[in-house]
Amino acid sequence: MKKILIATDGSPSAQEAVEVGLEMAADQGADVVFLHVLLPEEFILGRGAPAHAVPHEVALDESETALQAAAAAADEAGVSYELERISGDTIPEILAVADAKDVDVIVVGSRGRNPLVSALFGSVSRGVLSESKRSVLVVRATPDRVPATA
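Everything numeric here is computed off the predicted structure, so don't read it as measured data.

Packing of helix 4 (residues 90-101) against helix 6 (residues 124-131) leaves a shortest axis separation of 9 Å and a crossing angle of 50 degrees. Taken together, the axes of helix 4 and helix 6 lie oblique to each other. Seen from above, helix 4 lies across helix 6 with right-handed handedness. Across from Thr90, Ile91, Ile94 and Leu95 in helix 4, the residues of helix 6 making contact are Val124, Gly127, Val128 and Glu131. Taken together, the residues that form the contact of helix 4 with helix 6 break down as five nonpolar, two polar and one charged.

Below is the structure:
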């Protein structure tokens, strides 16, 4: 295994996915791509920018706590990583980045930060599982998880 994509939105489940993905990366000597996908509506509301017809990259800034936390965890684990923050439809964007970066596995949390969106449109993890041609690991947040290295 050479490269792992870890999707994060800062939710407890995504934070757990970051931890599990980093454990895998450290064990396998793999690099990590951390990805946060903003819905176009969040980007527009958050930045006051005009709508874009196509997905686009969004510059990192101090408000990006999910990616900052993931980067700090990777630094602590000694794992090489890159950060990606884009705007678009979550499931297709995760899959597109996975293809573009030629990752071996996609790691996602089982629940995101917006249960209403999941209820209306289906969960991101379910969509990634059903549409990905790559291996997918779905991580459920558990309060008593013991790291694999313990």
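Another aspect to go through is the pattern of salt bridges. In total, this model carries five salt bridges according to the counting rule given. Residue aspartate 102 is joined to arginine 134 by a salt bridge in which the shortest nitrogen-to-oxygen separation is 3.4 Å. Residue aspartate 102 is found in the loop between helix 4 and strand 5 (105-109), and its partner arginine 134 is found in the loop between helix 6 and strand 6 (135-139); the two are separated by 32 residues along the sequence. Among the residues examined, aspartate 102 registers a relative accessible area of 53% and is labelled exposed. The exposure class of arginine 134 is partly exposed, given its relative accessible area of 22%. Members of the salt-bridge network, linked through shared partners, are Lys3, Glu82, Glu84 and Lys101.

The subject of this paragraph is helix 6. When helix 6 is considered as a whole, its buried residues turn out to be Ser125, Gly127 and Val128. Projected down its long axis, helix 6 carries its buried residues within an arc of 165 degrees, all on one side. In helix 6, the exposed positions angled more than 90 degrees off the buried face are occupied by Arg126 and Ser130. Each element contacted by the buried residues of helix 6 is listed here: helix 4, strand 5 and strand 6.

Tracing the backbone shows threonine 90 in helix 4. In contact with threonine 90, not counting residues within four places along its chain, are Val37, Leu39 and Val124.

Describing an aromatic ring pair means giving the distance of the ring centres and the angle of the ring planes. Counted under the stated rule, the structure contains one aromatic pair. Relative to tyrosine 81, the ring of phenylalanine 34 has its centre 5.9 Å away and its plane inclined at 55 degrees; by these criteria the two rings are tilted. One end of the pair, phenylalanine 34, is in strand 2 (residues 31-38); the other, tyrosine 81, is in strand 4 (residues 81-87), and 47 residues separate them in sequence.

The rules we used
Residues numbered from 1 in each chain as written. Predicted model: local features only at pLDDT ≥ 70, side-chain atom pairs only at ≥ 80, totals over all residues. Heavy atoms only, no water. Axes fitted to C-alpha atoms, helices over the stretch in contact; angles between N-to-C directions. Helix = DSSP H or I, 4+ residues; strand = E, 2+ residues; numbered from the N terminus. Parallel < 35°, antiparallel > 145°, perpendicular 65-115°, else oblique. Left-handed = near helix turned anticlockwise from the far one by under 90°. Contact = heavy atoms within 4.5 Å. Nonpolar A, V, L, I, M, F, W, Y, C, P; charged D, E, K, R; others polar. Salt bridge = Lys/Arg side-chain N within 4 Å of Asp/Glu carboxyl O. Buried < 20%, exposed > 50% of the residue type's maximum accessible area, 1.4 Å probe, protein only. Arc of directions from axis to C-beta. Phe/Tyr/Trp six-rings, centres within 6.5 Å; stacked < 30°, edge-to-face > 60°.

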